[in-house]
Amino acid sequence: MGHCPLVDRADVIVSALDQGDGTCAEVARRLDRGTTRPAGRRRVVVVAPRHASDELKDALPHCSVVSGPLSSKVLLRSVSGLTTENAKKVPT
């Protein structure tokens, strides 16, 4: 797989690729590995079906895995790194 200049320069990446597809799953694994590099301190949010989100959280430990469908509130919480407790304090 090659490199994408948009991804390389992104602060946040949101992936809703089909994790059942081997190529798409490999993209998510590479994004997960990329978040561990010092220069790769970007936030990666992976949207997954509810039934698969727990498994993906284990497989992609450096990504924020959220159950879909994705709402703007969930996306903002995932990107900002708020904990559930702190997120309750954020006005909506």
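That block above? That's the structure.
Every residue gets a number counted from 1 within its own chain, in the order that chain's sequence is written. Local features are withheld for residues below a pLDDT of 70 in this predicted model, meaning they are given only at 70 or higher, and side-chain atom pairs are given and counted only at 80 or more; totals for whole chains, interfaces and linings count all residues. Each side-chain value is worked out from all heavy atoms of the structure, with water and hydrogens disregarded.

Details of unusual backbone geometry
Then, number 1: In this chain, G68 is followed by P69 through a cis amide linkage whose omega measures 0°.
Then, number 2: Helical segments are the DSSP runs of H or I of at least four residues, strand segments are the runs of E of at least two, and each set is numbered from the N terminus. One can find P69 in the loop between β3 (64-67) and α4 (72-80).

Focus: the environment of A25
Then, number 1: You can see A25 is positioned in helix α2 (residues 22-34).
Then, number 2: Here the term buried applies to any residue with accessible area under 20% of the maximum for its type, exposed to any over 50%, and partly exposed to those in between, with areas from a 1.4 Å probe on protein chains only. For A25, a relative accessible area of 10% translates into the label buried.
Then, number 3: Taking C-alpha positions, A25 is 9.8 Å from L56, a pair spaced 31 residues apart along the chain.
Then, number 4: It only takes one pair of heavy atoms within 4.5 Å for two residues to be counted as in contact. Look past the residues within four positions of A25 in its chain and what remains in contact with it is D18 and Q19.

Brief notes about the environment of L70
Then, number 1: Counting through the fold element by element, L70 comes out in the loop between β3 and α4.
Then, number 2: With relative accessibility at 31%, the residue L70 sits in the partly exposed group.
Then, number 3: Sequence separation of L70 and V46 is 24 residues, and the distance between their C-alpha atoms is 9.7 Å.

A word on the pattern of salt bridges
Opposite charge on two side chains permits them to pair, given that their charged atoms come into close proximity.
Then, number 1: We define a salt bridge as a contact between a side-chain nitrogen of Lys or Arg and a carboxyl oxygen of Asp or Glu at a distance within 4 Å. With the rule as written, the count across this model stands at 3 salt bridges.
Then, number 2: In this structure, E26 engages R30 in a salt bridge whose closest nitrogen and oxygen atoms are separated by 3.0 Å. Of this pair, E26 and R30 both sit in helix α2, separated by 4 residues, roughly a single helical turn.
Then, number 3: According to the relative accessible area criterion, E26 is buried, its value standing at 19%.
Then, number 4: With relative accessibility at 41%, the residue R30 sits in the partly exposed group.
Then, number 5: Close ionic contact of R33 with E26 constitutes a salt bridge, the shortest N to O distance being 3.5 Å.
Then, number 6: The structure contains a network of salt bridges with shared partners spanning E26, R29, R30 and R33.

Topic: the sheet that holds strand β1 (residues 12-15)
Then, number 1: Paired strands are those between which DSSP finds at least two bridges. Here 3 strands make up an open sheet; going across it, the order is β1-β2-β3 and the pairing parallel. A single partner strand is all that each edge strand has here, and the edge strands are β1 and β3. Put simply, the sheet's adjacent strands are angled 20° from each other on average, direction ignored.
Then, number 2: Along the sheet, α4 contacts β1, β2 (43-48) and β3; its crossing angle with β2, the most-contacted strand, is approximately 145°. All axes here are fitted lines through C-alpha atoms, helices being fitted over the stretch that makes contact, and every angle between N-to-C directions spans 0 to 180 degrees.

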